[in-house]
Amino acid sequence: MDQAPGSPQEPQNASGLPGCYRHPDRETGVRCTRCERPICPECMVSASVGFQCPTCVREGSGTGHAPTANQPRTIAGGAVAADTRLITKILIGLNVAVFVLVSVKPELVTELFLVGGAAYFPWGVASGEWYRLVTSMFLHEEIWHIAFNMLGLWWLGGPLEAALGRVRYLALYLISGLAGSALTYLIASPLQPSLGASGAVFGLMGATAVLMRRLSYDMRPVLALLALNMVFTFTWSGIAWEAHVGGLVAGIAVAYGLVHAPRERRALVQWGTCGLMVLIVLALVIVRTAQLS
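Residues numbered from 1 in each chain as written. Predicted model: local features only at pLDDT ≥ 70, side-chain atom pairs only at ≥ 80, totals over all residues. Heavy atoms only, no water.

Draft legend 1. Looking closely at the overall build of the chain. Helix and strand content of the chain: 10 helices and 2 strands. Going from N to C terminus, the chain has its helices and strands arranged as β-β-α-α-α-α-α-α-α-α-α-α. Sequence separation of at least 24 residues holds for 61% of the intrachain contacts in the chain that already meet a minimum separation of 6. (Helix = DSSP H or I, 4+ residues; strand = E, 2+ residues; numbered from the N terminus. Contact = heavy atoms within 4.5 Å.)

Set out below in structure tokens:
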């Protein structure tokens, strides 16, 4: 049963912030502008002023319209879905499926990983195998590699998918991964192979920071996580730092456009930001291909 806002039973966490009225274990400093119940990012429905909870949206806007006239939307304007982790589950499933496939047929690794190649090699992105920019995003050889990336995808992806909506979240993931591949292709040796979902996961990490800033949450945890991962990026051997940096920058840029787009021009700004990032990725790939041809 829903509790009245401000009642003595309203869940409180150790930090003093209330818990979401639907998810009491999630701290939040945001309340519904209509009923003032505390709401977490998953429950925030963008309104003309502030955010509303799903319950108030379902009950109608109070303007005489039927409840169906005001469907729940996420902070980024996406549709509120029943399963807020569906795309995250599908992405994890694809990564695991490719991991199992190459475990059975190891020779496929050389057909899928990212490698630039050169004019005197019959393989590589520079030889026309642009698909490697995508396939390498889902390719892992070591169990620890896929385990770390999939844990990161699960922890970061679920809240982002809930806050952005499925389509915008998928665009964020794919563009971040492609940006990581493009920067690796541009900077790394044309004979250096690269693989893994790290670029996309770093994009989700950057997007999480943007979202937390937008919601006025405490930034220290996510900044500490970013700093720790950047230390690992530049100190551990065998890591394609270019993919991490490329994914992180793209994730921040795309997420900023998604959550800060003005309501009256939301679609134009959001998809314009995504389109611009895709054009930048294409430009990097074209420039590097011309260098290696």
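After presenting the structure, the write-up continues.
Draft legend 2. The packing of aromatic side chains, seen in detail. Taken as a whole, this structure holds 3 aromatic pairs when the rule is applied. Residues Trp 144 and Phe 148 carry aromatic rings whose centres are separated by 6.4 Å and whose planes lie at 70° to one another, so their mutual orientation is edge-to-face. Of this pair, Trp 144 and Phe 148 both sit in helix α5 (residues 143-164), separated by 4 residues, roughly a single helical turn. Given the relative accessible area of 55%, Phe 148 is considered exposed. With 4.8 Å between their ring centres and 35° between their planes, Phe 232 and Trp 236 make a pair best called tilted. (Phe/Tyr/Trp six-rings, centres within 6.5 Å; stacked < 30°, edge-to-face > 60°. Buried < 20%, exposed > 50% of the residue type's maximum accessible area, 1.4 Å probe, protein only.)

Draft legend 3. Spotlight on helix α7 (residues 198-214). Between the first and last C-alpha of α7 there are 24 Å, a value that for 17 residues agrees with the 24 Å anticipated at 1.5 Å per step. Most of α7 sits inside the fold, with 15 of its 17 residues counted as buried. Ser 216 lies just past α7 and shows a positive phi near 60°. (Expected span 1.5 Å × (residues − 1).)

Draft legend 4. Quick peek at the packing of helix α6 (residues 166-187) against helix α10 (residues 266-292). One way to put it is that α6 packs onto α10 with a least axis distance of 9 Å and a crossing angle of 20°. In terms of axis orientation, α6 runs roughly parallel to α10. Where α6 crosses over α10, the two elements pack in a sense that is left-handed. Facing α6, whose interface residues are Val 167, Arg 168, Ala 171, Ile 175, Leu 178, Ala 179, Ala 182, Tyr 185 and Leu 186, α10 presents Gln 270, Trp 271, Cys 274, Met 277, Val 278, Val 281, Leu 284, Val 285, Arg 288, Thr 289 and Leu 292. (Axes fitted to C-alpha atoms, helices over the stretch in contact; angles between N-to-C directions. Parallel < 35°, antiparallel > 145°, perpendicular 65-115°, else oblique. Left-handed = near helix turned anticlockwise from the far one by under 90°.)

Draft legend 5. The side chain of Thr 289, seen in detail. By the secondary structure assignment, Thr 289 is in helix α10. Within the structure, the side chain of Thr 289 is placed 2.7 Å from the side chain of Tyr 185, a separation counted as a polar contact. (Polar contact = N/O pair within 3.5 Å; in protein donor to acceptor, adjacent residues only side chain to side chain.)

Draft legend 6. View of unusual backbone geometry. Phi at Glu 36 is positive, roughly 70°, even though this residue is not glycine. For Glu 36, the position within the fold is in the segment before β1 (45-46). Despite not being glycine, Ser 216 shows a phi value in the positive range, around 60°. In this fold, Ser 216 is placed in the loop between α7 and α8 (220-235). Looking at Ser 216, the relative accessible area reads 66%, which means it is exposed.

Draft legend 7. Spotlight on the nonpolar core. In terms of nonpolar packing, the biggest core is built from 65 residues, with Ile 39, Leu 153, Leu 160, Leu 164, Tyr 169 and Leu 204 touching the most fellow members. If one sorts the elements of this core by residue count, α7 sits on top with 10 residues. Not counting the four nearest positions on each side in its chain, Leu 160 is found in contact with Gly 165, Tyr 169, Leu 172, Leu 204, Ala 207, Thr 208 and Leu 211. Residues Val 109, Leu 112, Phe 113 and Leu 139 belong to the second largest nonpolar core, which totals 6 residues. (Core = buried A, V, L, I, M, F, W, Y, C linked by side-chain atoms within 4.5 Å.)

Draft legend 8. Representation of the side chain of Arg 168. Within the element layout of this structure, Arg 168 appears in helix α6. If we skip the residues at most four places from it in the chain, Arg 168 touches Ala 76, Gly 77, Gly 78, Leu 258, Gln 270 and Trp 271.

Draft legend 9. A look at a nonpolar patch on the surface. A surface patch of nonpolar side chains, about 440 Å² in accessible area, is lined by Trp 130, Val 278, Leu 279, Leu 282 and Ile 286. Look at Val 278 and you get partly exposed, because its relative accessible area is 35%. (Patch = residues over 30% accessible without salt bridge, like charges linked within 9 Å, V, L, I, M, F, W, Y side chains within 5 Å. Areas by Shrake-Rupley, 256 points an atom, 1.4 Å probe, with all protein chains shown as cover. Salt bridge = Lys/Arg side-chain N within 4 Å of Asp/Glu carboxyl O.)

Draft legend 10. Spotlight on the pattern of salt bridges. Scanning the entire structure with this criterion turns up 5 salt bridges. We note a salt bridge from Arg 26 to Glu 42, for which the minimum N-O separation is 2.5 Å. Residue Arg 26 is found in the segment before β1, and its partner Glu 42 is found in the segment before β1; the two are separated by 16 residues along the sequence. Look at Glu 42 and you get buried, because its relative accessible area is 19%. Across the pair Glu 129 and Arg 132 runs a salt bridge whose closest N-O atoms are separated by 2.7 Å. Judged by its relative accessible area of 17%, Glu 129 is buried.

Draft legend 11. Inspection of the state of the cysteines at higher detail. Evaluated as defined, the whole model comprises 0 disulfides. Cysteine Cys 43 remains unbridged, with the sulfur of Cys 20 as its closest cysteine sulfur at 3.7 Å. (Disulfide = S-S within 2.5 Å.)

Draft legend 12. The environment of Ile 252, seen in detail. The residue Ile 252 is located in helix α9 (residues 241-260) in this model. Between the C-alpha atom of Ile 252 and that of Met 205, which follows or precedes it by 47 residues, the distance is 8.4 Å. Non-local contacts of Ile 252, meaning those with residues more than four positions away in its chain, are made with Gly 206 and Val 210.

On their own, these measurements won't tell you what the molecule is for.
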